[in-house]
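Each chain, written out:
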Amino acid sequence: MLFNSFPFLLAFLPVVAVAYFALPHHRLRLVLVVGASYYFYAYAEWWFPALMAGSTAISYTTGRLLERSPRKAVLAAGIVGCLGLLAYFKYAAFAGGYALDFVHVVTGRSLPHFRTVLNGIVLPIGISFYTFEGISYMVDVYRGTLRAERDLLRYAFFISFFPHLIAGPIVRYGILQPQLTVKHRFDADRVRSGLLLFTLGLAKKVLLADGIAAYVDRYLSSPGELGFVTAWSAAVGFGFQIYFDFSAYSDMALGLARIFGIELPWNFDRPYRSASPTEFWRRWHVTLSTWLRDYLYIPLGGNRKGEARRNLNLFLTMALGGLWHGAALNFAAWGTYHGVLLAGTHEARERGLRLPRPLAVAVTFVLVVLGWVLFRMRTVDGIGSLYAGMFGLHGFGGGIPGHLLLYIVISFALVFGLPEEWRWPVERWRVVWVAAAAVLFAVAVSSVYTAHPFIYFRF
Amino acid sequence: MRRLVLFLALTIALLGAAAAFDWWIDPFGQVWKPDVLTAAREQHCLVSEELIGSRYWSFKRDVFFHRPTRAFVVGSSRVLKMSGGPRFSNLGYPGSGPETILRLFESLPAKPTQTVLLGVEGFWFNSRYTLPATDLSAYKVIEYLLARSTFTHAVNFAQNSTVLRHRWRKVDFHGQCVLERFNESITWRLDGSRVWGWEIDPAKYPKFHGGAFTGNLETWRNGYFADWTSLDASRVRALEQALRIAQSRHWTVIGFPPPEPPHMLHVLETDPRLAQQWNAYLHLMPQLFRRYGFTWANTVDGAKLGCVRADFPDLFHSDARCSRRLVHRLQAAIDNRRENLREIG
């Protein structure tokens, strides 16, 4: 079920929210939300909840075992269990496809039956997110920074809570656990604040991200025909599209959770204001970048084993982070590219190379946009064609994409003129602003009929 | 609390107002308007296509139940010129297929027994032919009424003040009463048959032409025959299920292929991309109908019915003259089985 869909907006959310506050007992509320979240997940495919239940059972049981006996083998078994599901559903077709190609080259046998089986694997939405949440929980229990949860209901709530289930933010149990032990009384101000944040996210998604997507998709469908201006406009447009799309989802998730009395961690903080790739990753998909830092980069040795090892760790961490986004080489290339940028930033800093902040912001923005080409274009031909256009190899003509440029100007104004939406003081908004938000919400709801699915749903 | 109530109340009020406005204007004809048909029956008027919109299913059921129907025709848009006496209804509509016919049979009462003329199209058995939605669920209607694109078009429509004040108007169209909004280029009789604007006023609505076979199956006849590789088994099954229902209800069913103009029949029979499937369809249908004790009348050759090329304005749909010949031919087929088709009139 999509946040930007009528079934969610007109039925699921009102029914679950009203029922939640109507129930007198805290545990009944937890049962309600877990049940509703499983229904929310089953709306995509009936068997998805079974998979989530399996992943939940593995990490919950591992946590309990680690509490009694914090052995590496137990942790490894739990991680392998969770990652095994992810590996099968997300990476089997990718790795198996290459393996079959290799077999075909060596033996001449194409093995179509195996290929059919691989191609038939359906990627369950959200699996990348709840797998990472389960792993972080098990590792934290193993490290002793978190006590294992004994209450399966609370743990199931943590994994399945529908606002963050499909596309994050990636929540750590340490953040959620204290919030699940208390009953959240109905607080009109908090509910209103959550609704207003949800409204801002929904409007950002359906009015901005989807508006930009209409033009970007059209231009990028034939990248070989794009001149210099159009190619850059399309690439920059995609940069804003994916930012508004994903940050809108995060805003909506934060707003929805707040309605139920739960505060989730923020995920974005105007990343295009960053003056370096390092700063970019402190502002972009922060719950993923901190997850990668704490559970991958630091265990690999981080920066404790010299510059060369640090750089290698950065490449590895970011390449795996890229692959987390999708089982395709372009995502690995995108991740590695960012690994190179991060290593380059460290090297430049150590050599005392500094740019004035406005120039550094501009350079970082351009570097990030160049990276989005790898992310967006799935084929070598497409990537090459778009880069060729951006470097003027298709000429400098081809017209001015007026509507897209207008969207880009508005996007720049929003990004540099206003703080990230979750920072807006919506809880203090007066009547006029609340009324304006209601109008915005009505317009946004009426726009969901033609809305695109969220980009990060695929991951 | 007051601000929360304000937010929710204002949102609901705005969406409600927009939905009510969209319902009134209904720019894409997705809202079923039974009162139009009531008014048309009272005033003996035709109803313009724009007031039926895409609600063919509701319209045809309304036709069936408001007439003492004892015989009816079902099929695609190519049977829509067929009409008969006061107890005959035309329940065909554009975008129907075996599934819709099955559903229609299931939804109609078993008694009184009916005589059914069932026009079966070859292209129905092309799996690429998809059936458009002609029976919207309540959820789809709500979605439509709340959509911003509906509202935008409704605002444009509302600039015509007539539509804003009245959902439809009554006009005199060359002596023929028509209930419409903007135009009467296609209208419906209350027996379910269709009237083209050029049949009433050829000066205002020129008779359409075209439809010649260019060899491009993607564009010819809306692409219905493109990529046709075999008879779709699920559609055949659906048709069989419909026949089984008719058999269990002791209805009389005459299957027939809507007539083709001579040149097009030649194309269907000889084009290497179509001939095999086309002949398989014509071969299967008589067997299928016979299996359930029904008759298949081979009316595919328009020339044998006495129809000429001019009777097919777009080389696809037959006109009223040819359709009358078709009805007579089907009546003869029933008579041959010693059936009484008084219902057709």
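A quick note: this is a predicted structure, and the numbers were derived from the prediction, not measured.

Colleague: Break down the overall build of chain A for me, with residues and values.
Modeller: A count of helical and extended segments in chain A gives 19 helices and zero strands. By the compact-globule yardstick of 23 Å for 459 residues, chain A fits well, its C-alpha radius of gyration being 23 Å. Every one of the 459 residues in chain A was classed for burial, and the buried ones make up 57%. Sequence-distant contacts, at least 24 apart, represent 78% of the contacts inside chain A between residues at least 6 apart. As displayed, chain A has an accessible area near 18,800 Å², and 67% of this comes from carbon and sulfur atoms. For chain A, the separation between the mean place of its 41 positive charges and that of its 25 negative charges on side chains is 5 Å.

Colleague: Could you give an account of the nonpolar core, with specific residues and numbers?
Modeller: Residues and elements named next belong to chain A. Judged by nonpolar contacts, the single largest core of 158 residues is most densely connected at Phe-8, Leu-202, Tyr-272 and Trp-372. Counting residues per element, this core draws most heavily on helix 11 (residues 228-259), at 18 residues. For Phe-8, the residues in contact, after removing those within four places along its chain, are Met-1, Leu-2, Phe-3, Leu-13, Pro-14, Phe-40, Phe-162, Phe-198 and Leu-256.

Colleague: An account of the sheet that holds strand 6 (residues 176-180) of chain B is needed here, citing residue identities and associated values.
Modeller: All names here are of chain B. Spatially, the five strands line up as an open sheet ordered 5-6-1-7-8, and their pairing is mixed. Either end of the sheet is taken by a strand with one partner, and the two such strands are strand 5 (169-173) and strand 8 (194-196). Strand-to-strand twist in this sheet, taken as the mean axis angle between neighbours without regard to direction, amounts to 35°. Two elements, strand 1 (residues 46-48) and strand 6, share two bridges in a ladder whose sense is parallel. In the strand pairing of strand 6, Val-47 is matched with Leu-179.

Colleague: Would you mind going over the environment of A:Val368 in detail, with residue names and values included?
Modeller: Residue and element names in this part refer to chain A. Inspection of the secondary structure puts Val-368 in helix 16 (residues 357-376). Spatially, the C-alpha atom of Val-368 lies 38 Å from that of Ala-50, the residues being 318 residues apart in sequence. With residues near it in sequence (within four places) discarded, Val-368 still touches Tyr-272, Phe-280 and His-338.

Colleague: Tell me about the packing of aromatic side chains, and name the residues and values.
Modeller: The full count for this structure, using the stated rule, is 95 aromatic pairs over all chains. Geometrically, the ring pair formed by A:Trp372 and A:Phe375 is edge-to-face, given 5.3 Å between the ring centres and 90° between the ring planes. Residue A:Trp372 and its partner A:Phe375 are located together in helix 16, separated by three residues, close to a single helical turn. Here A:Trp372 matches A:Phe375 in class, with each residue buried. Plain terms: the ring middles of B:Phe123 and B:Phe225 are 5.6 Å apart, the flat faces sit at 75° to each other, and that makes the pair edge-to-face.

Colleague: Can you explain the side chain of B:Asp201? Please cite residues and give values.
Modeller: Residue and element names in this part refer to chain B. Note that Asp-201 resides in the loop between helix 9 (197-200) and helix 10 (233-248). One buried charged residue, Asp-201, remains without a salt bridge, the closest side chain of opposite sign being Lys-204 at 6.0 Å. Side-chain polar atoms of Asp-201 contact the side chain of His-174, separated by 2.9 Å. Among residues more than four places away in sequence, those in contact with Asp-201 are Phe-173 and His-174.

Colleague: Give a description of the pairing of strand 9 (residues 252-256) of chain B that names residues and reports values.
Modeller: On any regular strand, side chains alternate: one points to one face of the sheet, the next to the other face. All names here are of chain B. Counting buried residues in strand 9 gives five out of five residues, a clear majority hidden from the surface. The side-chain alternation of strand 9 yields two buried faces, one formed by Thr-252, Ile-254 and Phe-256 and the other by Val-253 and Gly-255. With five bridges connecting them, strand 4 (residues 115-119) and strand 9 associate as parallel partners. Looking at the pairing, Gly-119 lines up with Phe-256 of strand 9.

Colleague: Explain the interface of chain A and chain B to me, using residue names and the numbers behind them.
Modeller: Each side of the interface is counted separately: chain A has 29 residues, and chain B has 17 residues. Summing both sides of the interface, chain A and chain B together bury roughly 1,900 Å²; the carbon and sulfur share of this comes to 78%. Counting the contacts that link chain A with chain B gives zero salt bridges. At the junction of chain A and chain B, the tally comes to three residue pairs in polar contact (both at pLDDT 80 or more). Mapped by element, the contributors of at least two residues to the side of chain A that touches chain B are helix 1 (6-22), helix 10 (188-220) and helix 19 (431-447) of chain A. No other element matches helix 19 of chain A, which puts twelve residues into the side of chain A that touches chain B. Its residues assigned to classes, the side of chain A that touches chain B shows 21 nonpolar, three polar and five charged.

Rules used in this analysis
- Residues numbered from 1 in each chain as written.
- Chains lettered and ligands numbered in written order.
- Predicted model: local features only at pLDDT ≥ 70, side-chain atom pairs only at ≥ 80, totals over all residues.
- Heavy atoms only, no water.
- Helix = DSSP H or I, 4+ residues; strand = E, 2+ residues; numbered from the N terminus.
- Rg over C-alpha atoms; globule rule 2.2 N^0.38 Å.
- Buried < 20%, exposed > 50% of the residue type's maximum accessible area, 1.4 Å probe, protein only.
- Contact = heavy atoms within 4.5 Å.
- Areas by Shrake-Rupley, 256 points an atom, 1.4 Å probe, with all protein chains shown as cover.
- Lys, Arg positive; Asp, Glu negative; His and termini not counted.
- Charge placed at Lys NZ, Arg CZ, Asp CG, Glu CD.
- Core = buried A, V, L, I, M, F, W, Y, C linked by side-chain atoms within 4.5 Å.
- Pairing = 2+ DSSP bridges.
- Axes fitted to C-alpha atoms, helices over the stretch in contact; angles between N-to-C directions.
- Phe/Tyr/Trp six-rings, centres within 6.5 Å; stacked < 30°, edge-to-face > 60°.
- Salt bridge = Lys/Arg side-chain N within 4 Å of Asp/Glu carboxyl O.
- Polar contact = N/O pair within 3.5 Å; in protein donor to acceptor, adjacent residues only side chain to side chain.
- Buried area = accessible area lost by both parts, 1.4 Å probe.
- Nonpolar A, V, L, I, M, F, W, Y, C, P; charged D, E, K, R; others polar.

That's the geometry; what it means functionally is another story.
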